[in-house]
Structure formats: C-alpha cells, structure tokens
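Listed below are the residues making up each chain.
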Amino acid sequence: MNLKDTIVAPATAAGTGSIDIIRISGPDSLRIIKKYFQPTGSPGSADFVSRRLYHGMLIDSEKNPVDEVMAVYMASPHTYTCDDIVEIHCHGSRQIVKQILALLQRDNVRLAAPGEFTYRAFMNGRIDLPQAEAVARLIRSHSDSSRRLALSQASGALSRKINAYVDQIKEALVFLEAWIDFPEEDLPPEDVSIIADKMEKLLADADLLCQSYDYGRLQTEGASILLVGRPNVGKSSLLNALLGENRAIVTSLAGTTRDLLEEGVSIEGLPVRLVDTAGLRETEDPVEIEGVLRAKNKIEHADLVLLLLDSSRDVSEADNYAYQQCVGRPTFVVLNKIDLGEDAFGATVFDLPTFRVSAKFDRGTDRLKKAVSSFLMGDSGAIGDSVLLSERRHFDTLIRARQSLLNFVGLLEEGETLDLLTFELRDALLHLGQITGETTTEDLLDDIFSGFCIGK
Ligand code: GDP
C-alpha cells in the first residue's frame, strides 16, 4: 500500500446524523483544504493554524458553494497517522459527502481503503499491532466489559507486557551469543541456573497470560448460551424472562420457534448471546428439520446449554431425546413451570446442576442468572485488573512462543549446544514480534486491516 499519497474517506457511518466528518491524510492535505475552503469573514484563504477549528464554506473548482462546514488542520507528526490530517465537518448528508469526496478525488486525492488511516499509524510507528487491533475492537464493542478491555489494549498494556518478555529473552540471547566465541569453554553452571530461573519465571507469567484468554474472549465476544428442550417447554418464555422484554413469539402451539433466535444480553455484567433453538424433537416437517439441524450444530459450540424440562410433567421421550443431544457439553437443567405446583423431580435431574423457575412469572430466574455467570467466569476472579488476552491471534502466537521457551529450558538443562539454545530463543522472539507487529508479514497485515471500516 502506498504510504506517501494523500487519502480521503468519510469518518462517520452512513446514515442520518447531524454532521458527517470527512478525513484527509497525507502531504497534500493542507494544500487541498486551503484551495477548497473559504473562511467566514475573510476574502482570502484561511491561514490554518494547526488544531484550530475554522468556520466557512467549502467551494468547488468554479467557486460554487458545496456546503457550510467547519474544518481543522492537524500538522504532522502529532496526528493519528503521523501525517498532516484535515477533517471537514459538513452537514450530515450522504449526498454532500459524495460530492466532497468526488471533488477531492478529481484533485489527486485517493479514496482510502478500509483501515488505511490506522495502517498508516502502525507503519509510521505511532501504534503497534495490538493497539491497532484494539481500535477495531473498540469500534465493534457492544458491551461495557469489551469496551474496557479494548481501551486497555489500545493504551499499549499488552504490548508493554510482551516487550518486557522480549527484553528478558534478548538479554539471555546476548549472554549466550557471547559464549559462542569461546566454543572450547562450557557455560558456567551458576549462569546456566540463573538463565533457566529467569526463563521459568517468564514462562509462568506467560502461562497466566494464556490462561486469561478464556476470560478475555468471554468479555469481548460474549458467551453463547443455548436454550434447548422439547417444543412448548417454555424456551421462548425463558428467553424473554432473561431478556426482560417480549422478543420471541410465545404461543401454546408446539414447534412455533422454527428458527434460531439469537439475542445479545448482559447477565451479571457479562455479554452473552442467548440462542433459542427450535424444539429439539424428531420431526418430518422439513422446516423444522432444518431448525433442529442448526440447533444440533450450535450445541457443539455453546459455552453453556440450558436444557429445559416441564416440572409439571414426567420426563418424556422427547425430553430424553433433547438430553441426548446435550451429552458432553456443559449443561444446566432448568425445570420450568414451577408455578403449576409441586414437582416430582429430585434435587438434580440427569445428574446435572438443576434450577427451578417459572419463566412465565419470572420466578427463580435471578438464581439461574447468578449460577450462569459464576459458571462462565470460572476462577477468573483471580485475574483482577491485570492484562488479558482477548484476541485469538495473540493467544495462538503466544502459545508458539511459549513452546520455543519450553524447548529452550529443556535443552539448557540437557546441556545442549549453544546453537540449538539460541535457535529456540530467536524463535520465541520471532513469535512475540508477530504479536506486537515487529516481525510480521504483509498477508497478516492485510488480514487485520481489511477487517476495519472505511475511514478508520
Ligand atoms: P417453547 O416452544 O419451548 O419456546 O415454549 P413457549 O415459551 O412458546 O411456551 C409454550 C407455552 O408454555 C406458552 O403457552 C407459555 O405461556 C407456557 N409457559 C411457558 N413458561 C411457563 C411457566 O413458567 N409457567 C406456565 N404456567 N406456563 C408457561
């Protein structure tokens, strides 16, 4: 991607809003705004002091007014991209935005690719890769916990941790490389044990970081919870009770929720995707068969399954069939319709954690929510405010770096050659560099930045 030309893109999403912002970045930014901006109350062009907002008229090449706007110029290098940046605040209108973009494109300004502003920020060294990824995550975040996590990553917390690992490994590498010049001498045993000690400490810390991924993923992507049970057992009603609003259609006819209904909700502060499945039963109806197939597929990937039974009836063949689909997945039994009277079930059903509720009258659901949240959080309470891993890419790469370090410690203890030892350390550094973006490939960058929105 060319880093030297001038790019433009709308920074606001398509839709109706009171203002739209158009962002320009690159060496021509100042020339462009001076040419097309007529400041209020002065016949000449504005002097554009950096970071000052100017009011005026945007005009085209024939000096026809395009829109009344505010414009700001931000001088390189203290900008988002490190290049000169101009932002034009025009009236919220896709038509005006289109006209301004067309005007600038006729003057050699190129329409930016998705994420290209952040790509430039990365390439110009203003942010590293986890920070760029956090920007994308921040824009996508739908829950408070996800926003907080992304913000912490955007501030560079993860990069600082990884860079601390890098520094320690480099220190060990420098020490070992110094010995390569003296092949006839063995490494002093006390030095070997100091290095092994340091690397083991680093490994223990990296282990904790890897373990934080489950929790980090939960905080950002949310857990998926599946409501499973025979038709009419009250899945839609429970979904509504958990959502606190009337979203799914509730009827007394069996088999009405034919498709998967997915809703985002926060349970005890945790983002959760609740999926109401079609009633799980053996059926001939082709529409229902499709729903059942999708439900089965979802069970495989659910973080938790809520298997609903009707507390006023004995376990039926259909209930047993639904239970069979859940075997092997983390499952809670939810005995619904307790308002209908005493149930004949024991404390637990199918040997699974069992909860008694009335979805219709919203009884017992608070206890269920608490249990769901503590199950999903596991022992993550110990993680506190420390740095978390939340991106799959970081997790996978850290696991590879960890493996190289494990190999290193093993080889060190076996008294292997310096060549082999330094190879493992360099390998670990390579992987850690891939997390921060120090050693990365064009493909990986394409992959990351193409997921951004236009104008970011
Ligand atoms: P689904 O097919 O499993 O999604 O079941 P629905 O949520 O559509 O509920 C089926 C029927 O059971 C409806 O008539 C609901 O009003 C009723 N129902 C659901 N939950 C309860 C409950 O807790 N108590 C009682 N008495 N009826 C309920």
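Caption draft 1: Structural view of the pairing of strand 4 (residues 53-59). As paired elements, strand 3 (residues 37-39) and strand 4 share three bridges and run antiparallel to each other. Counterpart to P39 in the pairing with strand 4 is G56. Where strand 4 lies against strand 5 (residues 65-74), seven bridges are found, and the strand directions are antiparallel. Following the sheet pairing, Y54 is matched in strand 5 by A71.

Caption draft 2: Representation of the sheet that holds strand 7 (residues 110-111) in the model. The mixed open sheet is built from seven strands, whose spatial order is 3-4-5-6-2-1-7. Of all the strands in the sheet, just strand 3 and strand 7 have a single pairing partner and so form its edges. Running over the sheet, helix 3 (residues 116-123) touches strand 1 (7-10), strand 2 (19-25) and strand 7 and is turned about 135° from strand 1.

Caption draft 3: Structural view of a negative patch on the surface. Residues D197, E200, E413, E414 and E416 make up a contiguous surface patch of negative charge. With respect to the helices and strands, the residue E414 is situated in the loop between helix 12 (392-413) and helix 13 (418-436).

Caption draft 4: Looking closely at the nonpolar core. Counting 34 residues, the largest nonpolar core has I162, I169, M199, L398, F408 and L432 as the members making the most contacts within it. When contributions to this core are tallied by element, the ones reaching two or more residues are helix 6 (157-180), helix 7 (189-221), helix 12 and helix 13. Apart from the residues lying within four places of it in its own chain, the contact partners of I169 are M199, L202, L405, L425, A428, L429 and L432. In terms of nonpolar packing, the next biggest core, distinct from the first, is built from 26 residues, L242, L306, V334 and V372 among them.

Caption draft 5: Representation of the environment of E87 in the model. Residue position: E87 is located in strand 6 (residues 85-91). The exposure class assigned to E87 is buried, which follows from its relative accessible area of 16%. Each C-alpha atom, one on E87 and one on I33, is 9.1 Å from the other, the two residues being 54 residues apart in sequence. Each residue touching E87, except ones within four places of it in the same chain, is listed here: I21, I22, R23, M70, A71, V72 and M74. Within the structure, the side chain of E87 is placed 3.4 Å from the side chain of R23, a separation counted as a polar contact.

Basis of the calculations
Residues numbered from 1 in each chain as written. Predicted model: local features only at pLDDT ≥ 70, side-chain atom pairs only at ≥ 80, totals over all residues. Heavy atoms only, no water. Pairing = 2+ DSSP bridges. Helix = DSSP H or I, 4+ residues; strand = E, 2+ residues; numbered from the N terminus. Contact = heavy atoms within 4.5 Å. Axes fitted to C-alpha atoms, helices over the stretch in contact; angles between N-to-C directions. Patch = residues over 30% accessible without salt bridge, like charges linked within 9 Å, V, L, I, M, F, W, Y side chains within 5 Å. Areas by Shrake-Rupley, 256 points an atom, 1.4 Å probe, with all protein chains shown as cover. Salt bridge = Lys/Arg side-chain N within 4 Å of Asp/Glu carboxyl O. Lys, Arg positive; Asp, Glu negative; His and termini not counted. Charge placed at Lys NZ, Arg CZ, Asp CG, Glu CD. Core = buried A, V, L, I, M, F, W, Y, C linked by side-chain atoms within 4.5 Å. Buried < 20%, exposed > 50% of the residue type's maximum accessible area, 1.4 Å probe, protein only. Polar contact = N/O pair within 3.5 Å; in protein donor to acceptor, adjacent residues only side chain to side chain.

Function-wise, these values are silent; they only describe arrangement.
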